Amino acid sequence: RAVQAHRLCPPRGAGSSLEPEERSMEPPAVPEEEEEEEEAVPLSVAPGPVGCQLFGYVGIEAVLDQMKIKTMKTGFEFNIMVVGQSGLGKSTMVNTLFKSKVSRKSSQPGQEERIPKTVQLQSITHVIEEKGVKMKLTVTDTPGFGDQINNENCWDPIIKYINEQYERYLREEILITRKRKIPDTRVHGCVYFVPPTGHWLRPLDLEFMRRLSKIVNVVPVIAKADTLTLEERAEFKQRIQEDLKTHAISVYPQEDFDQDPEDRALNDRIREKIPFAVVGADQEHQVNGKRVLGRKTKWGIIEVENPAHCEFPLLRDLLIRSHLQDLKDITHNVHYESYRVRRLNESNRPG
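These notes cover the structure that comes with them. (Residues numbered from 1 in each chain as written. Predicted model: local features only at pLDDT ≥ 70, side-chain atom pairs only at ≥ 80, totals over all residues. Heavy atoms only, no water.)

1. Here's the deal with the overall build of the chain
Inclusion rule: Under the scheme used here, helices are H or I runs from DSSP no shorter than 4 residues and strands are E runs no shorter than 2 residues, and both carry numbers assigned from the N terminus. Only protein chains enter the calculation, and the probe is 1.4 Å; a residue is then buried if its accessible area is under 20% of its type maximum, exposed if over 50%, and partly exposed in between. Here, residues are in contact when the closest pair of their heavy atoms is within 4.5 Å. Only the protein chains shown count as cover for residues, with accessible areas throughout obtained via the Shrake-Rupley method and a probe of 1.4 Å.
When you go through the chain residue by residue, the secondary structure sums to 10 helices and 9 strands. The proportion of buried residues among the 351 residues of the chain is 36%. Within the chain, counting contacts between residues at least 6 apart in sequence, those at least 24 apart form 67% of the total. For the chain, the exposed surface amounts to about 23500 Å²; the carbon and sulfur share of it is 51%.

2. Section: unusual backbone geometry
The omega angle of the peptide bond from Tyr252 to Pro253 is 0°, so this bond is cis rather than trans. With respect to the helices and strands, the residue Pro253 is situated in the loop between α7 (230–246) and α8 (261–273). Cis geometry marks the peptide bond from Ile274 to Pro275, where omega comes out at 0°. Tracing the backbone shows Pro275 in the loop between α8 and β6 (276–277). One non-glycine residue, Ala248, adopts positive backbone phi at about 55°. Looking at the element boundaries, Ala248 is found in the loop between α7 and α8.

3. With respect to helix α3 (residues 62–74)
What counts is decided by this rule: A helix is expected to span 1.5 Å multiplied by its residue count minus one.
Its 13 residues give α3 an end-to-end C-alpha distance of 19 Å, which sits within 8% of 18 Å, the value for a rise of 1.5 Å per residue. Within α3, only 0 of the 13 residues are buried, which leaves it mostly out in the open. Just downstream of α3 lies Gly75, where phi reads positive at about 75°.

See the structure below:
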């Protein structure tokens, strides 16, 4: 009887016509393919509108004013190194860049100029203020580089100095009780002065830029470009670009660090002009009723800030007006970071 009753009264949900039909509140079943497509885009990360329209003024743009006021109060630091043989106008070029006497001459008037037996590094620090913005500028000169008959390993003191600044910053950073603002003495940019020979780069130039481009931002320039004609200058610049490409030397701005298409387009235009053919001068002359920086010659005055005469304005814009903060960011995020990782790995090795 139990078996017969079971056959006559099927369980609930078995589709019996004797029981009233129960309708579920759940949505109808979806095929497996559609379920997978829906699960691929969770509700929490579903794409939304690109921008949110505000109904009134909030004041977000005031953040820029806050950053500007804070920077003007605290100021910022910028450290530059100039490398090249004696007599290429390194000190004059730095003075021209910042329009002040920020770099001392290699010799004083009335004293005999002596070439150092080894590479001696001289650092000078100044505080420059312009329209309320203070900048602590440190200029490091390298007298004696490439002046000897035997220049083997003449770049070692320069590499040692750059690494010492990284080490000094690292020691301050790993302290338990750190300073609120760590003094930054790291070299943010190294301007390398190429002699205006008109030929190919010397092995010394290639080896130096190959070694230092891995630890610092190197910007090559053709010194005293007024000694070359426009045709010689263009040919010399093309040969230098071929040498850099052949020896895989990555000078600033590096292609690997372009962040967006706009930066890449701007840096591509700069890379086409590198190395900059520059002329330095720290004396003013009267030209058409205006005071201009330039060098007086028998056939006229070479205006330093005139793009038709030299490419000094391009170098100034790169180092100060457009890429100064980028030089500091790449120094901190790339060169210093690689040094920090290497040092910490060495300290963690057993023994």
